[in-house]
Amino acid sequence: MTPAIPGIHHVTAIASDPQKNLDFYAGVLGLRLVKKTVNFDDPGTYHFYYGDELGRPGTLLTFFAWGRAPRGRAGAGQAVEVAFAVPEDSLEWWGERLARQGIAVERLPERSGEAVLGLHDPDGLALALVAHAPAGAFRGWAGGPAPAAKAIRGLHGVSLCEGRRERTREFLASALGLRQGSEEPRRWCCVAEGGGFGTQVELLEAAAGAPRAAMGVGAIHHVAWRVRDDAEQAVVHEALLARRLDVTPVLDRCYFHSIYFHEPGGVLFEIATDAPGFTVDEAAEELGSGLRLPPWLEPERGRIESALPPVRAPEGAPR
């Protein structure tokens with residue numbers, strides 16, 4: 001039997017300038033930089049991981065810093081928004097903080113009865129802060145610029161833009177085990193049963209005649225779903241192959257093991273293991289403090305470091 005997916009492991013997007021990305025996500029939103037590494041498939045560019053204090057699955061937003069990439073275009077076949085869960089009583093505080101930083105925010109329609117603030121990052125990526133009642137039961141990171149009581153707790157979910165969202169909803173239910181949640185004319189909700197963070201998927205209907213998405217700066221590259229371990233991943237892998245999907249072999253990402261495929265609507269999905277996690281090569285108190293490379297790239301450290309632009313700890317974030 002194929003295990004039900006408990007939720008999102010991480011979301012990966014594309015940034016332009018790595019320093020601006022750090023300043024916004026660590027300095028403004030107060031996420032912890034839990035890993036500073038490189039894109040294993042393109043080691044001349046950074047790969048930043050942001051999350052809670054330990055980078056737990058369900059809290060992670062990651063970025064490839066591809067400054068020379070063209071600007072992305074939102075559209076069908078793409079994840080188009082990342083939503084974060086914040087404590088229910090913190091939304092007003094966040095609105096005031098972002099306004100002081102000169103960041104435009106807007107109150108969006110409620111989602112399943114939860115209040116929502118919308119904003120964009122420096123590259124135009126759409127973000128949302130969702131007042132999620134269960135988030136208050138989890139401890140916020142005390143080492144960031146946001147008070148622990150107000151801090152972002154983790155991912156709330158993602159929004160997928162689909163040309164034929166019925167196909168994707170059926171796939172999420174039958175292949176990944178998500179159940180149908182609330183439904184509105186242009187927004188359908190699917191829910192993973194993990195009970196933690198990153199359990200909400202909003203399916204948006206693409207406007208008739210709208211162009212398909214184009215990958216680039218400011219776009220979401222892929223959405224990664226959680227499995228506990230290699231054994232569960234192997235079962236999911238076989239089930240996806242049985243559906244005649246073009247699934248990659250297992251790839252070693254050091255902090256998890258991954259397989260990739262496109263869901264029926266075209267969004268790139270990943271299945272990532274919870275283990276071994278981000279403390280495999282750094283102590284918890286040192287996460288994100290230095291450039292980490294996988295063992296097979298370590299012999300090239302000098303060349304890689306010389307090609308990367310220098311970055312500093314963002315203003316307001318711990319050094």
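Here, every reference points to the structure presented above.
Presented here is a report on the structure given in the accompanying data block. Remember, predicted model here, so these are calculated numbers, not experimental data.

A word on the sheet that holds strand S3 (residues 42-51)
Taken in spatial order, the 8 strands line up as S2-S3-S4-S1-S13-S16-S15-S14 in an open sheet, and their pairing is mixed. Here the strands that pair on one side only, and so sit at the sheet edges, are strand S2 (32-39) and strand S14 (251-252). In the sheet, strand S13 (residues 220-227) pairs with strand S16 (residues 268-273) via 5 bridges, with the strands oriented parallel. Of the residues in S16, the one forming a bridge with Arg 226 is Ala 272. Helix H1 (residues 18-28) contacts strand S1 (8-15), S2, S3 and strand S4 (60-65) of the sheet and is inclined by roughly 10° relative to S3. Where helix H3 (residues 165-176) meets the sheet, its contacts fall on S13, strand S15 (257-262) and S16, and the angle it forms with S16 comes to roughly 20°.

Things to note about the sheet that holds strand S10 (residues 179-183)
Strand order in the open sheet formed by 8 strands is S6-S7-S8-S5-S9-S12-S11-S10, with mixed pairing between adjacent strands. Edge positions in the open sheet fall to strand S6 (106-111) and S10, since each of these has one partner strand only. Strand-to-strand twist in this sheet, taken as the mean axis angle between neighbours without regard to direction, amounts to 30°. Both strand S5 (residues 78-86) and strand S8 (residues 126-131) contribute to a ladder of 5 bridges, which runs parallel. Residue Phe 84 lies in a different strand from S8, and its bridge partner there is Leu 129.

A closer look at the packing of aromatic side chains
Inspection of every chain in the model, using the stated rule, returns 17 aromatic pairs. Pairing Phe 48 with Tyr 50 gives two aromatic rings, centres 6.3 Å apart and planes at 70°, and the pair type is edge-to-face. A relative accessible area of 1% places Phe 48 in the buried class. Given the relative accessible area of 0%, Tyr 50 is considered buried. Through pairs of rings, three or more aromatic residues link up here, namely Phe 24, Tyr 25, Tyr 46, Phe 48, Tyr 50 and Phe 63. The ring centre of Trp 188 lies 3.8 Å from the NZ or CZ of Arg 165, which sits over that ring. Over the aromatic face of Trp 188 sits the side chain of Arg 169, whose NZ or CZ is 3.8 Å from the ring centroid.

A few points about the pattern of salt bridges
One side chain can pair with another of opposite charge once the charged atoms of both are near each other. A complete count under the given rule lists 18 salt bridges for this structure. In this structure, the salt-bridge partner of Lys 35 is Glu 282, at a minimum N-O distance of 2.7 Å. Linking Lys 35 in strand S2 with Glu 282 in the loop between S16 and helix H5 (301-307), this pair joins segments that are 247 residues apart in sequence. Each member of the pair Lys 35 and Glu 282 is classed as buried. Among the salt bridges present, the one from Arg 301 reaches Glu 305, with a minimum N-O distance of 2.9 Å. Linking Arg 301 with Glu 305, this pair stays in helix H5, spanning 4 residues, or about one helical turn. Shared partners join several salt bridges into a network, and the residues in it are Lys 35, Asp 281, Glu 282 and Arg 292.

Details of the side chain of Arg 32
Turning to its location among the elements, Arg 32 is positioned in strand S2. For the buried Arg 32, no salt bridge is present, and the opposite-charge side chain at shortest range is Glu 53, 5.8 Å distant. For Arg 32, the contacting residues outside a window of four places in its chain are Tyr 49, Tyr 50, Gly 51, Asp 52, Glu 53, Trp 141, Ala 284, Glu 285, Glu 286 and Leu 287.

Observations regarding unusual backbone geometry
Note on backbone geometry: most residues besides glycine have negative phi, and most peptide bonds are trans. Looking along the chain, the bond that leaves Ala 275 and enters Pro 276 is cis, with omega of 5°. Among the structural elements, Pro 276 can be located in the loop between S16 and H5. In this model, Arg 244 sits at a positive phi of 65°, which is unusual for a non-glycine residue. Its location among the elements puts Arg 244 in the loop between helix H4 (230-242) and S14. The phi torsion at Cys 254 lies on the positive side, around 70°, for a residue other than glycine. For Cys 254, the location among the structural elements is in the loop between S14 and S15.

Digging into the environment of Ala 234
With respect to the helices and strands, Ala 234 occurs in helix H4. Accessibility expressed as a relative area gives 41% for Ala 234, which makes it partly exposed. For the pair Ala 234 and Arg 32, spaced 202 residues apart in the sequence, the C-alpha separation amounts to 31 Å.

Comments concerning the pairing of S10
Note: S10 against strand S11 (residues 187-191), 3 bridges, orientation antiparallel. Residue pairing for S11: Glu 183 is matched across the bridge by Trp 188. Between the antiparallel neighbours S10 and S11 lie 3 residues.

Cut-offs used in this document
Residues numbered from 1 in each chain as written. Predicted model: local features only at pLDDT ≥ 70, side-chain atom pairs only at ≥ 80, totals over all residues. Heavy atoms only, no water. Pairing = 2+ DSSP bridges. Helix = DSSP H or I, 4+ residues; strand = E, 2+ residues; numbered from the N terminus. Contact = heavy atoms within 4.5 Å. Axes fitted to C-alpha atoms, helices over the stretch in contact; angles between N-to-C directions. Phe/Tyr/Trp six-rings, centres within 6.5 Å; stacked < 30°, edge-to-face > 60°. Buried < 20%, exposed > 50% of the residue type's maximum accessible area, 1.4 Å probe, protein only. Lys NZ or Arg CZ within 6 Å of the ring centre and 35° of its normal. Salt bridge = Lys/Arg side-chain N within 4 Å of Asp/Glu carboxyl O. Lys, Arg positive; Asp, Glu negative; His and termini not counted.

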